[in-house]
Amino acid sequence: MNTQKTVKTGIVWSFIEGFGIKIISTLVFFILAKLLGATHFGLVAIATAFIDFGNVLVEQGMVAALVQKEKLERAHLDTAFWINIGLGASVFAIICLSAPFIADIYKEPSLTPVLQTVGLVFLVGPSGLVQVAQLTREMNFKLIARIRIIGLLAAAVVSLTMAFMGYGVWALVFQKLVFIGLSTTLFWFWTKWIPRLSFSIDHFRELFPFSYKMMINNFLTYFSRNSIELLIGFFHGTEAVGIYSFCYKVFQSTIETANTSVNKVMLPLFSSVQDDKAQLTKYFYKAIESSFTLLLPVLALIVFLSPEAILYFFNATWAQSADLLKLVSIGGTIYMIYYYTNTLWISTGRPDLVVRFTLINVVINLALLAAVSRLPLIYVGYISIARSILLLPVAYVLSLKTAPISIQGSLQHLSRPFWMGGVTFLILAISSAVIPVLSPEWIWFALQGVIWSITVFVALYFLLPSVLTPVFNSVSRVYLRVSGSRKV
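Residues numbered from 1 in each chain as written. Predicted model: local features only at pLDDT ≥ 70, side-chain atom pairs only at ≥ 80, totals over all residues. Heavy atoms only, no water.

As named in an unreviewed UniProt entry, the chain is Lipopolysaccharide biosynthesis protein, taken from Xanthocytophaga flava. The Subcellular location (unreviewed entry) field of the UniProt record for the chain holds the comment "Cell membrane". Recorded under Sequence similarities (unreviewed entry), the UniProt text for the chain is reproduced unchanged: "Belongs to the polysaccharide synthase family." (UniProt positions renumbered as here; feature names shortened; annotations may be inferred.)

Caption draft 1: Fine view of helix H13 (residues 321-335). Between its first and last C-alpha atoms H13 spans 21 Å; for 15 residues at 1.5 Å apiece the expected length is 21 Å, and the two agree. For H13, the buried fraction is high: eleven of the 15 residues fall into the buried class. (Helix = DSSP H or I, 4+ residues; strand = E, 2+ residues; numbered from the N terminus. Expected span 1.5 Å × (residues − 1). Buried < 20%, exposed > 50% of the residue type's maximum accessible area, 1.4 Å probe, protein only.)

Caption draft 2: Geometry of the packing of aromatic side chains. By the definition in use, this model includes 20 aromatic pairs. Look at Phe50 and Tyr106: their rings are 6.4 Å apart centre to centre, the planes differ by 85°, and that puts the pair in the edge-to-face class. Taken together, the positions of Phe50 in helix H2 (residues 38-59) and Tyr106 in the loop between helix H4 (74-105) and helix H5 (111-118) put the pair 56 residues apart, joining distant regions of the chain. Under the relative-accessibility criterion, Phe50 is labelled partly exposed at 21%. (Phe/Tyr/Trp six-rings, centres within 6.5 Å; stacked < 30°, edge-to-face > 60°.)

Caption draft 3: Seen up close, a nonpolar patch on the surface. Where nonpolar side chains cluster on the molecular surface, the patch consists of Val450, Ile454, Phe457, Val458, Tyr461 and Phe462 and spans about 610 Å² of accessible area. You can see Tyr461 is positioned in helix H19 (residues 441-463). (Patch = residues over 30% accessible without salt bridge, like charges linked within 9 Å, V, L, I, M, F, W, Y side chains within 5 Å. Areas by Shrake-Rupley, 256 points an atom, 1.4 Å probe, with all protein chains shown as cover. Salt bridge = Lys/Arg side-chain N within 4 Å of Asp/Glu carboxyl O.)

Caption draft 4: Main features of helix H7 (residues 129-137). With seven of its nine residues buried, H7 lies for the most part within the structure. Along H7, the residues that are buried comprise Leu129, Val130, Gln131, Val132, Ala133, Gln134 and Leu135.

Caption draft 5: Structural view of the pattern of salt bridges. By the definition in use, this model includes four salt bridges. For Glu289, the salt bridge is made with Lys286, and the minimal N-O distance between the two is 3.6 Å. With Glu289 and Lys286 both in helix H12 (residues 277-313) and three residues apart, the pair spans about one turn of that helix. Residue classification places Glu289 among the buried positions, given a relative accessible area of 9%. Salt-bridge contacts for Arg416 lead to Glu289; the nearest nitrogen and oxygen are separated by 3.4 Å. With Arg416 in helix H18 (residues 415-434) and Glu289 in helix H12, this residue pair connects regions lying 127 residues apart in the sequence. The network of salt bridges with shared partners includes Arg74, Asp78 and Arg196.

The following block contains the structure:
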């Protein structure tokens, strides 16, 4: 078996899975946002927060434990399977029983059937976790990508059809059910693995020490990601949750589409030079430079075009999200300065730093949210900026245990992306102020898009020519190949 080829293939298909899923899910999200209202998204966002908590309990790090286990026996797989099934059924029962109480807390009676229906994922999803672990151990990311993309496309068709037919929030609910149900079915079909009716305490004890550590980290990550939506729902209602979820999804999709594939490449790259501090530092700075090269021009688009774009592309219920989206995007941009520290810690064998940082993140998040919980929703955007600023020095201090990186060093390597972003901001500010909104409006958006594209291309050419060089080389090779074949 060619290990190097397997790794390269795994990275390629991991990229296809990540990029493909982000593009498809983002497009579907935008269409559903246009068809549905903020309240529907808020209901599902609250339900999803509780479902995610259940997922942490059900998965409890067992997949990672199976992947990490050096010598895996059939009894490990059987034991993990029945643990997952038992926990899934238990969590489903808890969700069903507690749904009315959760609905009372949020003063949303319709939350009860939504929670109970979405909870069905716990009767299906856990049965496919062992299969996912097996495919991951084999680095068969190609099959994982195929299955998840098929599931996503099927869920998109169902949810969009239901939305057009006027089923409202249920379009979002069945989107989740179809994705989990079909994906799990395909994992069973293609892996051909059938569990035995056996359970081993000894094999469980071998898996548990690793899995419970992962579960602790997953719990912290859960509270870090979901505490905002849960508190917004409690103090401001489901519509406010929908608006915040919309803003977070828009910018998060931008970050993940631009950086997920880079991040997956950085993990093996950092790991390969984990004992070479100088190379680690070099690659770290290069990673954030690459991310900011794309991120800052996109931030300019969000800042100057989001008010008109939201009104034009979505319904009126999303109008108040424009200012919040700007603030969340600025906070997310600051966060990108230390985005790769998590990858750095894992690749150098320091997952304890991930746990420490996540714990600090949770504490800061909850403290800031408590301070503004009764203030207007827009203050959540200011919290996003404050949290990112406060966590920036924390991330770099912890990272000194793995590589000699610094905030100053990072900002020095971001000087050219900052200049490029500044030029883009200036040109878009002038064009959006000088050029009146035309009728039909799509002409105005198209014109702004052309101006933005030309600005980014010219800025790249003069400030970061190394980014465009591979593109020019590829085009030249294709041209020479085509022109050569024509001569023959």
